[in-house]
Amino acid sequence: MNALAAIAGQEIRAGLRNRWAVATTLLLAALALSLVLLGSTPTGTVGASPVAVVVVSLASLTIFLLPLLALLLSFDAIVGEAERGTLLLLLAYPVSRWQVVVGKFLGHASILALATVVGYGAAGVLLAITTDADAEAWATFGLLIGTSILLGMAFVALGTLASMVRERPTAAGLSVGLWLLFVLLYDSALLGLLVVDQGTLVSGRVLDALLLLNPADAYRLVNLTGAGAAALLTGMSAPGEAGQIPTAALYAALAAWIVAPLAAAIAVFNRRHP
Amino acid sequence: MTPAIALDGVSRRYGAVTALQDANLRADPGETVALVGHNGAGKTTLMKLVLGLIRPTAGTVRVLGEDPAGRHGARVRGRIGFLPESVAFHAAMTGAELLDFYARLKGEPRAANAELLERVGLADAASRRVGTYSKGMRQRLALAQALIGEPGILLLDEPTSGLDPESRRQVYETIDDLRRSGALVLLSTHALAEIERQVDRVAMLHRGRLIAVGDVAALRRRIPMPVRIRLRVRHCTTQRVLDRLQGWAETLDRGPTHLQLAVMPECRADLIHALDDLRELIDEVEIESPGLETLYRHLTRGDAT
């Protein structure tokens, strides 16, 4: 356990040292704050809670940005050590391979979680000052921060898996590919499938399953169809059968997207000769 | 006593390439053993096997009686200090921070780090980023991390490469200290002439094979190699000297006032006796026993690398 903490701590220290943590926090805070300032204007007397408006726009932004930041942070976790020449020495210490993988994951996830909490938290503070929302709205906002951290962790895990390749450029390319696939292409492909299929083969349950196969979609469904006023705003409160996935399944999908890539990364790393 | 390191019939292949073939080696605590060989001779492969980072394709590796690549590998590695051949560190960290990190990895108290930095002469640079260190300083930091927790086994892969003579001397002093404290030091090197007097035993590797293992004197006895003798003689007496030495010595080079001869070790005493008879003709005598370098070249002769 000590080795795990040492490796995670070293990653956090490195993240603070090279200003990665600060830059990420500032970026997230700036975007969240600007959404708060923009988002609070158009509501007028429509009756939608300003907090719900911010949650919806922030969730949409998070889906694009956070996976990218997570992959940028983690794609050279192992391949970077190998190319720097520090991996051999690290493995010569009394540490297990899984401790190296999980330690690096925990370090990167902590940096990202810190940036999310501070960046989005700043927006929350601004909202609290400018509006008087009810407890339910704040629960939705808290849920947004929590699930954003889970989404970030899923992509840190994917990036760690990508870092198992032999060369850094390969890992970078793989990460860009993962981002394109999960964040941009997957939903378009799904939409295309639905259009072509016209409901003959792809039933609502198949669609549900397909949505769970993408961490970004699981995140979207938790935040945009879950409890709270946000669902009303997104028009996703009744998108047919697709909205029927139980919340627990969505969380399970997010958790699986954290655990499975990490397990795969450990399996690959265990078979490798340094 | 359990040997600190025991390799029995160890081979390691990477695909079609054989990095190490049928290696047998035992080393006990308190010994200093040099692994000698060209680049690619298998020195680093042998160290990786001892660390349990790779498994042998044949044979067994035991470190302190345990399999370093087995379930207790981490415990074995906790007793080993390793200095890798090409030293690299996270450039943004300071020397002290890096030693702290490595001490935590090893579960050793960090309080001893200041003394380690002092010992390798980095106390003044401890709070500077490693990116600003010279190659020699990085090498010394690498040595410091290998010494964390007073390990019983030290694997030093080219410990003096890139160091100036003064730093080399310090490294050898440190190795001496370690030997006296009962640690096994296994070091690899190309600098044969330099380590000859620093180590107890030599293991010569050539193309993945251990071609000779033993202390330098024993290797010399086992492998008959001529002693070289350089003589300065009075003008135009070289032929008279040669006549007297006929039968023992092979002439390598001759001139009006100098002679260079090769003599087999067993004729050495006769030769010295003969030289005594020729005292008035000879101005200067220089006798050179074959060094490790010559020994290694002799053993790998005709085997172009």
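Just above, that's the structure.
Attention here is on the structure that accompanies the text.

The rules behind these values
Residues numbered from 1 in each chain as written. Chains lettered and ligands numbered in written order. Predicted model: local features only at pLDDT ≥ 70, side-chain atom pairs only at ≥ 80, totals over all residues. Buried ≥ 20, exposed ≤ 12 C-beta atoms within 10 Å, placed from the backbone. Helix = DSSP H or I, 4+ residues; strand = E, 2+ residues; numbered from the N terminus. Pairing = 2+ DSSP bridges. Right-handed = clockwise from strand over helix to strand, strands pointing away. Axes fitted to C-alpha atoms, helices over the stretch in contact; angles between N-to-C directions. Contact = placed C-beta atoms within 7 Å. Parallel < 35°, antiparallel > 145°, perpendicular 65-115°, else oblique. Left-handed = near helix turned anticlockwise from the far one by under 90°. Nonpolar A, V, L, I, M, F, W, Y, C, P; charged D, E, K, R; others polar.

All names here are of chain B. Among the 6 residues that make up strand E7 (residues 184-189), 6 are buried, leaving the element largely enclosed by the rest of the structure. Going residue by residue along E7, you find Leu184, Leu186 and Ser188 tucked away on one face and Val185, Leu187 and Thr189 tucked away on the opposite face as well. Relative to E7, strand E6 (residues 153-157) runs parallel, the two being bridged by 5 bridges. Across the sheet, residue Asp157 finds its bridge partner in E7, namely Ser188. The β-α-β motif built from E6, the intervening helix H6 (residues 165-180) and the parallel element E7 has right-handed crossover chirality.

What follows deals with the sheet that holds strand E5 (residues 80-83) of chain B. Residues and elements named next belong to chain B. Spatially, 6 strands are ordered E5-E6-E7-E3-E8-E9 in an open sheet, and the strand pairing comes out mixed. The open sheet terminates on both sides in strands that have one partner only, identified here as E5 and strand E9 (209-214). On average, each strand axis in the sheet is tilted by 15° relative to the strand beside it, whichever way the strands run. Where strand E3 (residues 32-36) meets E7, 5 bridges bridge the pair, whose relative direction is parallel. Looking at the pairing, Leu35 lines up with Ser188 of E7. Running over the sheet, helix H11 (residues 292-299) touches E3, strand E8 (201-206) and E9 and is turned about 35° from E8.

All names here are of chain A. At their nearest, the axes of helix H6 (residues 97-130) and helix H7 (residues 135-162) sit 9 Å apart, and the two run at 150° to each other. Looking at the two axes, H6 sits roughly antiparallel to H7. Remark: the crossing between H6 and H7 carries right-handed chirality. For the pair H6 and H7, the contacting residues are Val101, Lys104, Phe105, His108, Ala109, Leu112, Ala113, Thr116, Val117, Tyr120 and Gly124 in the first and Phe141, Ile145, Ser148, Ile149, Gly152, Met153, Val156, Ala157 and Thr160 in the second. Residue composition of the contact of H6 with H7, by class: 13 nonpolar, 6 polar and 1 charged.

Our focus in this paragraph is the packing of H7 of chain A against helix H10 (residues 215-225) of chain A. All names here are of chain A. In contact at an axis separation of 10 Å, H7 and H10 are set at 175° when each is read in the N-to-C sense. By the angle class used here, H7 and H10 are roughly antiparallel. Residue-level inspection shows Leu143, Leu144, Thr147, Leu151 and Ala154 of H7 in contact with H10, the latter providing Pro215, Ala216, Tyr219, Val222 and Asn223. Residues of the contact of H7 with H10, tallied by class, amount to 8 nonpolar, 2 polar and no charged.

Turning next to the interface of chain A and chain B. For an interface, size is often stated in terms of accessible area lost upon the parts coming together. Counting residues at the interface gives 20 residues for chain A, matched by 20 residues for chain B. Among the secondary structure elements, those contributing two or more residues to the side of chain A that touches chain B are helix H1 (2-17) and helix H5 (87-91) of chain A. The biggest single contributor to the side of chain A that touches chain B is H1 of chain A, with 6 residues. A breakdown of the residues in the side of chain A that touches chain B according to their chemical character gives 11 nonpolar, 7 polar and 2 charged.

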